[in-house]
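# Geometric and topological summary
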Amino acid sequence: MTHSSTSPIQRRLSLLSAHLVVALIALVVIGGATRVMEAGLACPDWPLCYGTFLPGRQMNLQVFLEWFHRLDAFVVGIALMVMAVTSLVWRHLLPRWLPLLSCALVLMVALQGLLGALTVLHLLESSVVTAHMLLALTLVAVLSGLTQRLRQAQSRVAPLWWRAGAAVALIGVTGQCLVGARMATSWAAQRCLASGDGCEWLVWHRATATPVALTVLLFASISLAVSGWTRHQWPFLLGLIVLVTAQVGLGVLTFRLGLNQPAVTIAHQLLAALLVALLAALLMRSPNNPSTSSQVVADDVSLEPCHG
């Protein structure tokens, strides 16, 4: 894909945004690992850990997970502030909407930090942890879509059915993630399997999994069947099919193993975050104008040394 009408600073910001998507997915996965390993209160204070930035004597696997989760969140926050300042300083070279959205992302990550603090101070209250998860997935989706927009120059609007299908699939997957998060943070599945208590969240999660998976698969199948631009997105669409299929398999395996294998549960959460990121990217993808696809960027050569 060429970027004939995008400025060098826009291409740099698109690269930063792509790295932030990876960092946020890692943040979601580490947060899930922290819960599975029962390390949510491994650092009893906030924002420090045992009153220091880097705990020494107290360091173990649980403390490391909670400490690294906070460190990753801090790095993401700094990077988003850099993006916001950059988009304000060079706003004349960037899309008009970018400075406002970048500032909104800084506010969102600040709110995420507040929810993280409340998670510790309120001793892992289920509603607070679920809200923490919702905002994390929202950040993943927004930054994934933002990356696509920054990479495209003078793009046409994607077909309405494509945007509607991707949006419905994204909402469905996010909702399924939240039901799963509420089930996990209230330990409903464990209580249901052990004593038959709190099974409603487990029932909801299993009941909604099939229609959500079918919605994603239907969107991918229709997109592959329709000729033209949508079929050219086949690498992403096949990736979507593989992720959904693997996610269903991991969900079944998780319960077959009695939720006693942390690695399987963490992989289940990883695929969920990847699905959100991929669907948000597909929602924001659109065809390039013919006039832009054949042009060559004159300053790309001069920018090559910068990659070193």
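As a reminder, the structure under discussion sits directly above these lines.
None of the values given here were measured: they were computed from a predicted structure. (Residues numbered from 1 in each chain as written. Predicted model: local features only at pLDDT ≥ 70, side-chain atom pairs only at ≥ 80, totals over all residues. Heavy atoms only, no water.)

Okay, the nonpolar core next. What tends to happen in soluble globular proteins is that the nonpolar side chains get buried as a cluster. Counting residues in hydrophobic clusters, the biggest one holds 58 residues, and the most contacted among them are Leu143, Val173, Leu240 and Val276. For this core, the secondary structure elements donating two or more residues are α1 (8–36), α2 (61–89), α3 (98–121), α4 (126–151), α5 (160–185), α7 (199–225), α8 (234–256) and α9 (262–284). Counting residues per element, this core draws most heavily on α9, which supplies twelve residues. In contact with Val173, not counting residues within four places along its chain, are Val212, Val216, Ala272, Leu275, Val276 and Leu279. Among the nonpolar cores identified, the runner-up in size contains six residues, and Ala188, Ala189, Cys199 and Leu202 belong to it. (Core = buried A, V, L, I, M, F, W, Y, C linked by side-chain atoms within 4.5 Å. Buried < 20%, exposed > 50% of the residue type's maximum accessible area, 1.4 Å probe, protein only. Helix = DSSP H or I, 4+ residues; strand = E, 2+ residues; numbered from the N terminus. Contact = heavy atoms within 4.5 Å.)

Moving on, we come to a nonpolar patch on the surface. A contiguous nonpolar patch, built from Phe74, Val75, Ile78, Met81 and Val82 and spanning about 460 Å² of accessible area, is present on the exposed surface. Inspection of the secondary structure puts Phe74 in helix α2. By relative accessible area, which is 53% here, Phe74 ends up exposed. (Patch = residues over 30% accessible without salt bridge, like charges linked within 9 Å, V, L, I, M, F, W, Y side chains within 5 Å. Areas by Shrake-Rupley, 256 points an atom, 1.4 Å probe, with all protein chains shown as cover. Salt bridge = Lys/Arg side-chain N within 4 Å of Asp/Glu carboxyl O.)

Before going further, it helps to examine α2. Taking 1.5 Å of rise per residue, 29 residues should cover 42 Å, and α2 covers 42 Å from first to last C-alpha, within 8% of that figure. For α2, the side-chain oxygen to backbone nitrogen distance between the N-cap and Gln62 is 3.1 Å, and the N-cap itself is Asn60. (Expected span 1.5 Å × (residues − 1). Polar contact = N/O pair within 3.5 Å; in protein donor to acceptor, adjacent residues only side chain to side chain.)

Attention now goes to the pattern of salt bridges. Overall, the coordinates contain one salt bridge when judged by the stated rule. Residues Arg70 and Glu66 are paired through a salt bridge, measuring 3.0 Å at the closest nitrogen-oxygen approach. A residue pair is termed a helical-turn pair when its members lie 3 or 4 positions apart in one helix, as Arg70 and Glu66 do in helix α2 at four residues.

One pass over the full model with this rule turns up seven aromatic pairs. Plain terms: the ring middles of Phe53 and Trp67 are 6.3 Å apart, the flat faces sit at 75 degrees to each other, and that makes the pair edge-to-face. In this pair, Phe53 is assigned in the loop between α1 and α2 and Trp67 in helix α2, connecting sequence segments 14 residues apart. Ring pairing ties together the aromatic residues Phe53, Phe64, Trp67 and Phe68, which thus form one cluster. (Phe/Tyr/Trp six-rings, centres within 6.5 Å; stacked < 30°, edge-to-face > 60°.)

This paragraph deals with α5. Because the α-helix completes a turn every 3.6 residues, residues three or four places apart line up on one side. The end-to-end C-alpha distance of α5 is 37 Å, a good match for the 38 Å that 26 residues give at a rise of 1.5 Å each. Just past α5, the residue Trp187 takes up positive phi, approximately 55 degrees.

Turning to unusual backbone geometry, a few remarks are in order. Of note, the phi angle at Tyr50 is positive, near 55 degrees, even though the residue is not glycine. Relative to the helices and strands, Tyr50 resides in the loop between α1 and α2.

Our next topic: the state of the cysteines. Counting across every chain of the model gives one disulfide. In this model Cys43 forms its disulfide with Cys49; the gap between the sulfur atoms is 2.0 Å. Here Cys43 and Cys49 share a disulfide; its torsion about the S-S bond, -75 degrees, makes the bridge left-handed. The pair formed by Cys43 and Cys49 is uniform in burial state, with each residue classed as buried. (Disulfide = S-S within 2.5 Å.)

Turning our attention to the packing of α5 against α7. For the pair α5 and α7, interaxial distance at closest approach is 9 Å and the crossing angle is 160 degrees. The orientation of α5 with respect to α7, classified from their angle, is roughly antiparallel. In this structure, α5 meets α7 at a crossing whose hand is left-handed. Looking at the contact of α5 with α7 residue by residue, the classes come out as 16 nonpolar, eight polar and one charged. (Axes fitted to C-alpha atoms, helices over the stretch in contact; angles between N-to-C directions. Parallel < 35°, antiparallel > 145°, perpendicular 65-115°, else oblique. Left-handed = near helix turned anticlockwise from the far one by under 90°. Nonpolar A, V, L, I, M, F, W, Y, C, P; charged D, E, K, R; others polar.)

Where α4 contacts α5, the two axes come as close as 9 Å, and the packing angle between them is 150 degrees. In terms of axis orientation, α4 runs roughly antiparallel to α5. Here the hand of the crossing between α4 and α5 comes out right-handed. Facing Ser126, Ser127, Val129, Thr130, Met133, Leu134 and Leu137 of α4, the residues of α5 in contact are Thr174, Cys177, Leu178, Ala181, Arg182 and Thr185. Class assignment for the residues of the contact of α4 with α5 results in seven nonpolar, five polar and one charged.

This paragraph deals with the environment of Leu270. Summarising the element assignment, Leu270 is placed in helix α9. In this structure, Leu270 is in contact with Ile25 and Val29, ignoring residues within four places of it in sequence.

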